[in-house]
Amino acid sequence: MQWTILGAGAIGSLFATQLLRIGQSVNLLDTRHAQTPHQQLHPMLLELLDGSVCMCELPCIGYRDLSAIGNLLVTTKVWQVIPALKPLVGRLPETSPIILLHNGMGTAEWLLRHFPHNPLLAGVTSCGALKTDSKHIRHTGFGETWLGALNSSGEQCRELVPYLADALGHTAWSEHIGERQWRKLVINAVINPLTAVWNQPNGALLDRTEEVAALCQELHPLLVKQGFRETPETWCRQVLQVADRTARNFSSMHQDIAYHRKTEIDYITGYLLQQAEKQGIDLPKHRQLYLKVKALESTCTNE
Ligand SMILES: NC(=O)c1ccc[n+]([C@@H]2O[C@H](COP(=O)([O-])OP(=O)(O)OC[C@H]3O[C@@H](n4cnc5c(N)ncnc54)[C@H](OP(=O)(O)O)[C@@H]3O)[C@@H](O)[C@H]2O)c1
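Residues numbered from 1 in each chain as written. Predicted model: local features only at pLDDT ≥ 70, side-chain atom pairs only at ≥ 80, totals over all residues. Heavy atoms only, no water.

Caption draft 1: Layout of the domain arrangement of the protein. If you check the domain split of the protein, you get domain 1 (2-175) and domain 2 (179-298). The C-alpha-based centres of domain 1 and domain 2 are spaced at 26 Å. Tallying the contact residues gives 14 residues for domain 1 and 13 residues for domain 2. Of the roughly 1,500 Å² buried at the junction of domain 1 and domain 2 (both faces included), carbon and sulfur atoms supply 60%. The shortest N-O distance in the salt bridge between Asp 256 and Lys 77 comes to 3.4 Å. Broken down by element, the residue count for the side of domain 1 that touches domain 2 peaks at three residues, all from strand S7 (residues 120-125). Along the lines of polarity and charge, the residues of the side of domain 1 that touches domain 2 split into six nonpolar, six polar and two charged. (Domains from an automatic or database assignment. Contact = heavy atoms within 4.5 Å. Buried area = accessible area lost by both parts, 1.4 Å probe. Salt bridge = Lys/Arg side-chain N within 4 Å of Asp/Glu carboxyl O. Helix = DSSP H or I, 4+ residues; strand = E, 2+ residues; numbered from the N terminus. Nonpolar A, V, L, I, M, F, W, Y, C, P; charged D, E, K, R; others polar.)

If you want it as C-alpha cells, here you go:
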C-alpha cells in the first residue's frame, strides 16, 4: 500500500520509517514545492527504543506529483495543516484518504469544507518521537494510536488500521474519535500551557495540584455540554496521572517556547475558548494562560 507523509518532522518521520520497516511503500510530500528534482531521496536515521538504528531513504514529492500520493498522513504542527493542504485543494484525487494526526482541534471543519469527497479521518496518538536534526529521529515512547472517520467515506478506511498496528504497535479504530480528541485536548490544555509558562517539566504539576484542579473545575461546564459525565475531580486525576507518567518530559509547548517556535496554543486553549464562547461560558483562568503563552510566543518568535 502507498503512504504519503505530509510533514516529515518527529512524528511523521516515525510513522514513515515504521511503515517502511513492515514493507509498505512510503514517500514524503512537501507542499511548499510543486515538484522535487527528479527522484530526490531523503535519508533518515531512526533510533529505536531498544537502541538499534534503522537507516532508510525515502522518495520526496511535491504537490504536482499527484499520482504518487497514497494514503495521506498529515503530520505537520496543527497551525501548519491548512497552509500545507491548500495547494492540494481541487487537485487531490477524490479517492485519496486524508488522515489528520495533530494535537489540538479546529482543522476538521476546514478539511470537510475543502475536501468533501475524500475519505477524511482523524487520529490521536500518544507515540513519542523527537527529531534531533533533519535526518535523525529518536523514537521516545510507545503509545496508542486511534483512527476514526470524520465523514461517511472515511468510514470505509478501517482497512488502514492493521497496517498501522503492524508498524507502530497498538492502533485501533474508534467510533468516537471526536471524544478521544477532546480528552487529549483537555489534558494538553492543562499540561502544555502551565509547563510552558512555568518553564518546568510535566512532573512539576504534581506540586501544583490546586492550579490544575482550578483549571479542570473551570472547564467542567463546557465538558458537560460536550456530553462528558466525569466530575472535575476525575478530570484533575487524569491530568495528574499523565503528568506523573511523563514527569521527566518537557511538553511540546514548553519545547516550542524554549526553542523560539510558534506553539499550538491557538488550537488547544484557543479552541476551548472559542467553543466556550459559543456556549456562553466564561473561562477566565484558561484565557489568562492563553494570553501568557501568546505573550511568551511573541517575545520569542518576534511574531
Ligand atoms: N512529536 C511527538 O512525540 C508527538 C506525539 C503526539 C502528537 N504530536 C503532534 O503531532 C504534530 C506534529 O508534531 P511533531 O513533533 O512531529 O512536529 P514537527 O517535528 O515540527 O513536524 C512537523 C513537520 O511538518 C513540516 N511541514 C510544515 N509545513 C509543511 C508542508 N507544507 N509540506 C511539508 N512539510 C511541512 C515541518 O517542516 P519545517 O520544520 O520546515 O516547518 C516539520 O518538519 C503536532 O500536532 C504534535 O502536537 C507529536
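Caption draft 2: Seen up close, the pattern of salt bridges. By the definition in use, this model includes eleven salt bridges. The residue Glu 175 makes a salt bridge to Arg 158 at a minimum N-O spacing of 3.0 Å. Highlighted residues: Glu 175 in the loop between strand S11 (171-173) and helix H5 (177-198) and Arg 158 in the loop between strand S10 (145-149) and helix H4 (161-168), separated in sequence by 17 residues. Overall, Arg 158 belongs to the partly exposed group, its relative accessible area being 36%. Two residues, Arg 261 and Asp 256, come together in a salt bridge whose shortest N-O distance is 2.9 Å. Using a relative accessible area of 38% as the deciding quantity, one classes Arg 261 as partly exposed. When its relative accessible area of 1% is taken as the criterion, Asp 256 is described as buried. (Buried < 20%, exposed > 50% of the residue type's maximum accessible area, 1.4 Å probe, protein only.)

Caption draft 3: Region of interest: the sheet that holds strand S9 (residues 136-141). Read from one edge of the open sheet, eleven strands run S8-S9-S3-S4-S2-S1-S5-S6-S7-S10-S11, paired in mixed fashion. With one partner strand each, in any of the chains shown, strand S8 (128-133) and S11 form the two edges of the open sheet. The mean inter-strand angle of the sheet, taken between neighbouring strand axes irrespective of direction, is 30 degrees. Where S8 lies against S9, five bridges are found, and the strand directions are antiparallel. (Pairing = 2+ DSSP bridges. Axes fitted to C-alpha atoms, helices over the stretch in contact; angles between N-to-C directions.)

Caption draft 4: Spotlight on the site of the ligand. Taken together, 25 residues lie around the ligand, and Ile 11, Thr 31, Asn 103, Ala 129 and Glu 264 are the ones closest in. Interatomic distance of 2.8 Å between a backbone N/O atom of Ile 11 and an oxygen atom of the ligand. At a separation of 3.2 Å, an oxygen atom of the ligand approaches a polar side-chain atom of Gln 80. Relative to its free-state accessible area of 890 Å², the ligand is covered by the protein chains to the extent of 77%. (Near = heavy atom within 4 Å. Polar contact = N/O pair within 3.5 Å; in protein donor to acceptor, adjacent residues only side chain to side chain. Areas by Shrake-Rupley, 256 points an atom, 1.4 Å probe, with all protein chains shown as cover.)

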